[in-house]
Amino acid sequence: MIDAYAFLFAFAVQIVAASILYPARLIGYVRGWAEDFGSERFAQMSPEDEHRLRVERFASGYRAAALVTAVLGVVLLGWLFRDIHSPDWIEDAKRASWIYFMLQMAPLILLFLYAGARYKKLNQSVPEGRRKAVLQPRSLFDFISPVVVFLAVLSYLLFVAFAFYVDLQVYKNPSPSKYCYIAIANATFIYAMDAVVIYKYLYGKNNPLVTHEGRLHRIGMMVKSGVYGSIATVWFFGLISVIRALDLSGWEPFALSVFWIVTSLLFLMTLTAPPRKPPAGESGHGSEVLS
């Protein structure tokens, strides 16, 4: 039963992390975005009073949605505690943790879709401006330590080797099973998707509605969330493999909930992390941006 109580505790932390701490930090970030990162063109095209009104509407709506998800989480926690002796409890707990985290992230996804559509519309009406040379980091290592990148690559290689080892040595399969290849394919897909997103933000078109500092902050957020997220994901896959190999399926809901907690904390960290300052001798600068 200790595994079940460990999950209930982790699920309670998940409620606090993704429904209280993260929304509060994100609202503060959105409120300060225009002042910290909005360019002069953004100020011209989105008057301060209008922008403030939109932000406050977002804050009120997001706070209400977060409160609803927190209440639902408490109700769900009570239901899981009541049915803790059910024979299907493990599957119910895993399903509940997964669906609830998706519900917690739904307002954020809607925000990104709305912000993307709005800024795309504003960008379409931005006149072509003159170009001005700005010293702008474009190297991956300007935003994250090479040690962390090395750890991400090493984690992937270790996971692939571990997947084959578990499949061949632990489960005694004569050849790698389809489940082994599916696990490796999932990890590869996540790494590839994160690599594409990071490349897009590093070398993609600049947004004239954002200041130079805003671009650096946005790139740093995407780089750190992509790399750290990839590392967390493959280690989670490896942990699940260990749990199943040791016939400790009761700990799977706990591991899943901890993974959602770590994901939320990583997002919180990237909202405040500044671009990395490379040691003397490292470079990766030189680009033109719209002024």
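What counts and how
- Residues numbered from 1 in each chain as written.
- Predicted model: local features only at pLDDT ≥ 70, side-chain atom pairs only at ≥ 80, totals over all residues.
- Heavy atoms only, no water.
- Helix = DSSP H or I, 4+ residues; strand = E, 2+ residues; numbered from the N terminus.
- Expected span 1.5 Å × (residues − 1).
- Buried < 20%, exposed > 50% of the residue type's maximum accessible area, 1.4 Å probe, protein only.
- Contact = heavy atoms within 4.5 Å.
- Salt bridge = Lys/Arg side-chain N within 4 Å of Asp/Glu carboxyl O.
- Patch = residues over 30% accessible without salt bridge, like charges linked within 9 Å, V, L, I, M, F, W, Y side chains within 5 Å.
- Areas by Shrake-Rupley, 256 points an atom, 1.4 Å probe, with all protein chains shown as cover.
- Axes fitted to C-alpha atoms, helices over the stretch in contact; angles between N-to-C directions.
- Parallel < 35°, antiparallel > 145°, perpendicular 65-115°, else oblique.
- Nonpolar A, V, L, I, M, F, W, Y, C, P; charged D, E, K, R; others polar.
- Core = buried A, V, L, I, M, F, W, Y, C linked by side-chain atoms within 4.5 Å.
- Lys, Arg positive; Asp, Glu negative; His and termini not counted.
- Phe/Tyr/Trp six-rings, centres within 6.5 Å; stacked < 30°, edge-to-face > 60°.
- Lys NZ or Arg CZ within 6 Å of the ring centre and 35° of its normal.

S.K.: Let's hear about the environment of glycine 32: which residues, and what values?
M.R.: By the element assignment, glycine 32 lies in helix H1 (residues 2-37). In this structure the C-alpha to C-alpha distance between glycine 32 and valine 55, which are 23 residues apart in sequence, comes to 9.7 Å.

S.K.: Before we move on, can you summarise helix H6 (residues 178-203) with the specific residues and values?
M.R.: Here H6 spans 37 Å end to end across 26 residues, near enough to the 38 Å set by a 1.5 Å rise per residue. The complete set of buried residues in H6 reads Cys180, Ile184, Ala187, Ile190, Tyr191, Asp194, Ile198 and Leu202. Those residues of H6 that are buried lie in contact with helix H5 (146-170) and helix H7 (212-245).

S.K.: Explain the pattern of salt bridges to me, and be specific about the residues and the numbers.
M.R.: It is possible for side chains bearing opposite charge to pair when their charged atoms get close. Within the structure shown, the criterion is met by 5 salt bridges. Residue lysine 94 is joined to glutamate 91 by a salt bridge in which the shortest nitrogen-to-oxygen separation is 3.2 Å. Placement of both lysine 94 and glutamate 91 in helix H4 (residues 89-124) is noted, with a separation of 3 residues, approximately one turn of the helix. Assessed through its relative accessible area of 41%, glutamate 91 is described here as partly exposed. Between arginine 95 and aspartate 92 there is a salt bridge whose closest N-O contact spans 3.1 Å.

S.K.: Quick one: what's the story with the environment of aspartate 83, residue by residue and with numbers?
M.R.: Looking at the element boundaries, aspartate 83 is found in the loop between helix H3 (48-82) and H4. A relative accessible area of 22% means that aspartate 83 is categorised as partly exposed. Spatially, the C-alpha atoms of aspartate 83 and alanine 93 are 9.9 Å apart, while their sequence positions differ by 10 residues.

S.K.: Tell me what's going on with H7, and back it up with residues and numbers.
M.R.: Between the first and last C-alpha of H7 there are 50 Å, a value that for 34 residues agrees with the 50 Å anticipated at 1.5 Å per step. Downstream of H7 by a residue or two, aspartate 247 has a phi angle that is positive, lying close to 55°.

S.K.: Describe a nonpolar patch on the surface, listing the residues and the values that go with them.
M.R.: Nonpolar side chains collect at one region of the surface, where Phe150, Leu151, Leu154 and Leu158 lie side by side and expose about 370 Å² of accessible area between them. By relative accessible area, which is 55% here, phenylalanine 150 ends up exposed.

S.K.: Please give an account of the packing of H5 against H6 that cites residues and values.
M.R.: Between H5 and H6, the shortest axis-to-axis distance is 9 Å and the interhelical angle comes to 170°. In this view, H5 runs roughly antiparallel relative to H6, as classed from their interaxial angle. Taking contact as the criterion, the partners of Ala152, Ser155, Tyr156, Phe159, Val160, Ala163, Phe164 and Asp167 in H5 are, on H6, Cys180, Tyr181, Ala183, Ile184, Ala187, Thr188 and Tyr191. Looking at the contact of H5 with H6, its residues break down into 12 nonpolar, 2 polar and 1 charged.

S.K.: How would you explain the nonpolar core if you had to name every residue and give the values?
M.R.: Among the nonpolar cores identified, the biggest contains 25 residues, and Tyr22, Leu26, Val30, Phe58, Tyr62, Leu108 and Phe236 are the most heavily contacted of them. Residues contacting valine 30, with those up to four places away along its chain left out, are Val55 and Phe58. One finds Phe143, Tyr191, Val223 and Val234 within the second-largest nonpolar core, a separate group that totals 16 residues.

S.K.: I'd like a rundown of the packing of H6 against H7, residues and numbers included.
M.R.: The contact between H6 and H7 brings their axes to 9 Å, and the two run at 175°. What the angle tells us is that H6 and H7 run roughly antiparallel. Facing H6, whose interface residues are Ala183, Asn186, Ala187, Ile190, Tyr191, Asp194, Val197, Ile198, Tyr201 and Leu202, H7 presents Arg218, Ile219, Met222, Val223, Gly226, Val227, Ser230, Ile231, Thr233, Val234 and Phe237. Of the residues in the contact of H6 with H7, the class split is 15 nonpolar, 4 polar and 2 charged.

S.K.: Describe the side chain of aspartate 3, and please don't skip the residues or the numbers.
M.R.: The residue aspartate 3 is located in helix H1 in this model. No salt bridge is formed by the buried aspartate 3. Its closest oppositely charged neighbour is lysine 94, at 12 Å.

S.K.: Provide a residue-level description of the packing of aromatic side chains, including the pertinent values.
M.R.: Overall, the coordinates contain 14 aromatic pairs when judged by the stated rule. An angle of 20° between the planes, with centres 4.6 Å apart, marks the rings of phenylalanine 236 and phenylalanine 259 as stacked. With phenylalanine 236 in helix H7 and phenylalanine 259 in helix H8 (residues 252-272), this residue pair connects regions lying 23 residues apart in the sequence. We classify phenylalanine 236 as buried; its relative accessible area is 13%. With a relative accessible area of 13%, phenylalanine 259 lands in the buried category. When the ring of phenylalanine 259 is compared with that of tryptophan 260, the centres are 5.3 Å apart and the planes differ by 50°; the resulting orientation is tilted. Owing to a relative accessible area of 5%, tryptophan 260 belongs among the buried residues under this scheme. Residue placement shows lysine 200 over the ring face of tyrosine 201; its charged tip is 4.8 Å from the ring centre.

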